[in-house]
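Observations on chain architecture
What follows is the residue order along each chain.
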Amino acid sequence: MRIDAYMQVSQLYNTNKTKNNAKSDREKSRDSLEISSFGNAYQVAKQAASQNSAVRADRVKEIQAQMAAGTYQVSIEDVAEKLADTLLS
């Protein structure tokens, strides 16, 4: 085996050089977090709801029990009206 031939091939393809680019790229990049406007609005609404004492816990429990039993009924007219109000306002 001829070592000088290996060295020439090695120099041709630059196989002996270490690549520090990957390490320096990792050092430059940092993790970041961006919260969408929807996520931000959700957190604000959640915080406001937790601070509001106007929630009727008895009514919420009643509706949850009806939903669990499968007896909770909503009129389609009420749904359509709320949907139209939401979309048109």
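Just so it is clear, the model here is predicted, and its values are computed rather than measured.

1. A closer look at a negative patch on the surface
On the surface, a cluster of negative charge is made up of Glu77, Asp78, Glu81 and Asp85. Mapping Glu81 onto the fold places it in helix H5 (residues 76–88).

2. Some details on a nonpolar patch on the surface
Taken together, the side chains of Met67, Tyr72, Val74, Ile76 and Val79 define a hydrophobic patch exposed on the protein surface, amounting to about 490 Å² of accessible area. Here Tyr72 shows up in the loop between helix H4 (57–69) and H5. Residue Tyr72 is classed as partly exposed on the basis of its relative accessible area, which comes to 34%.

3. Side note on the pattern of salt bridges
As a working rule, side chains carrying opposite charge can pair if their charged atoms are close by. Applying the stated rule across the entire model yields one salt bridge. With a shortest N-O distance of 3.0 Å, Arg59 and Glu62 are connected by a salt bridge. Residue Arg59 and its partner Glu62 are located together in helix H4, separated by three residues, close to a single helical turn. A relative accessible area of 33% places Arg59 in the partly exposed class. Assessed through its relative accessible area of 40%, Glu62 is described here as partly exposed.

Reading the values: rules and limits
- Residues numbered from 1 in each chain as written.
- Predicted model: local features only at pLDDT ≥ 70, side-chain atom pairs only at ≥ 80, totals over all residues.
- Heavy atoms only, no water.
- Patch = residues over 30% accessible without salt bridge, like charges linked within 9 Å, V, L, I, M, F, W, Y side chains within 5 Å.
- Areas by Shrake-Rupley, 256 points an atom, 1.4 Å probe, with all protein chains shown as cover.
- Salt bridge = Lys/Arg side-chain N within 4 Å of Asp/Glu carboxyl O.
- Lys, Arg positive; Asp, Glu negative; His and termini not counted.
- Charge placed at Lys NZ, Arg CZ, Asp CG, Glu CD.
- Helix = DSSP H or I, 4+ residues; strand = E, 2+ residues; numbered from the N terminus.
- Buried < 20%, exposed > 50% of the residue type's maximum accessible area, 1.4 Å probe, protein only.

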